[in-house]
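Descriptive structure summary
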Amino acid sequence: SDVDYCDAWTSQPWCSYENTNATGTGAYIGNVDDYYDDWAEKEDKLSSEKFTITSAADKTTYFLVKHAFNEQDWYYQYDCWSDHMFAATLSISNGETGEMVSDEDGEEGWHYPVNKDTLTHIKVDGEDVPNPDYGGKFEIAVTCDNSCECYAHDYTTDV
């Protein structure tokens, strides 16, 4: 294959992976339910990922971001439920220039679209299953010239 992958499980000479959670393999938002008194003092959990890509001059790198579905979703049947609205944002910093990479619209961060009425899970035959209408993924390309000036382009959720 002409494509090399870099992720939490696959290292490459041109890419390294870090996570703020030492055992993490993705960005994670754990929203503790404050409704219950014995949970109210627990802290929400948040982890982030960092990829360091070297030798990016004169190259295009594609970033694919995907929501990792849990086996089931909790409390989605309540109107106040909104955890499905937490979409991770991809931000890209140019290590050579120190500037954030932006697209043609000046955007410096991207995420998949979310909708209050489109939950992550649906019931099928009494079982929670990932909702095919949720989407939960996007791809964006970043091209750097030979001076390491980089720009993002071709954002799509059709992946």
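See the structure shown above.
The structure displayed is predicted, hence computed values, not measured ones. (Residues numbered from 1 in each chain as written. Predicted model: local features only at pLDDT ≥ 70, side-chain atom pairs only at ≥ 80, totals over all residues. Heavy atoms only, no water.)

1. What to know about the overall build of the protein chain
Put simply, the rule reads: Only DSSP runs of H or I with at least four residues qualify as helices, and only runs of E with at least two residues qualify as strands; both kinds are numbered from the N terminus onward. Contact between two residues is taken to exist if any of their heavy atoms lie within 4.5 Å; hydrogens are not considered. Positive charges come from Lys and Arg alone, negative charges from Asp and Glu alone, with His and the N- and C-terminal ends not counted. Charge coordinates come from a single atom per side chain, which is NZ of Lys, CZ of Arg, CG of Asp or CD of Glu.
Along the backbone of the protein chain there are one helix and nine strands. Written out in order from the N terminus, the α and β elements of the protein chain read β-β-α-β-β-β-β-β-β-β. In the protein chain, the proportion of contacts linking residues at least 24 apart, taken out of those at least 6 apart, comes to 55%. Across the protein chain, the mean location of the 8 positive side-chain charges is 6 Å away from that of the 34 negative side-chain charges.

2. Observations regarding the state of the cysteines
Here a disulfide denotes a covalent bond joining the sulfur atom of one cysteine to the sulfur atom of another. The line we're drawing: The disulfide definition used here is simple: a pair of cysteine sulfur atoms within 2.5 Å. Only protein chains enter the accessibility calculation, which uses a 1.4 Å probe. A residue is then buried if its area is under 20% of the maximum for its type, exposed if over 50%, and partly exposed in between.
Counted by the stated rule, this structure contains two disulfides. A disulfide bridge connects Cys-144 with Cys-150, and the sulfur atoms are separated by 2.0 Å. Looking along the S-S bond of the Cys-144-Cys-150 disulfide, the torsion reads about 105°, which is the right-handed sense. We classify Cys-144 as buried; its relative accessible area is 7%. In this structure Cys-148 is a free cysteine whose sulfur lies 5.9 Å from that of Cys-150, the closest cysteine sulfur available.

3. Let's talk about the pairing of strand E1 (residues 15–19)
Applied cut-off: For two strands to be treated as a pair, DSSP must find at least two bridges joining them.
Only one face of E1 is buried, namely the one carrying Cys-15, Tyr-17 and Asn-19, since none of Ser-16 and Glu-18 on the opposite face is buried. Taken together, the five bridges between E1 and strand E4 (residues 49–53) define a ladder with antiparallel strand orientation. Across the sheet, the residue bridging to Tyr-17 is Phe-51, located in E4.

4. Observations concerning the sheet that holds strand E8 (residues 137–144)
Cut-off, in case you're wondering: Think of each axis as a best-fit line through the C-alpha atoms, taken over the contacting stretch in the case of a helix, with angles from 0 to 180 degrees between the N-to-C directions.
Within the open sheet, the three strands sit side by side as E5-E8-E9. Their pairing is antiparallel. Across the chains shown, the open sheet's two edge strands, defined by having one partner strand only, are strand E5 (59–66) and strand E9 (150–156). Averaged over all pairs of adjacent strands, the angle between strand axes in this sheet comes to 20°, irrespective of strand direction. Pairing between E8 and E9: five bridges, direction antiparallel. When the bridges of E9 are listed, Glu-139 appears paired with Thr-156.

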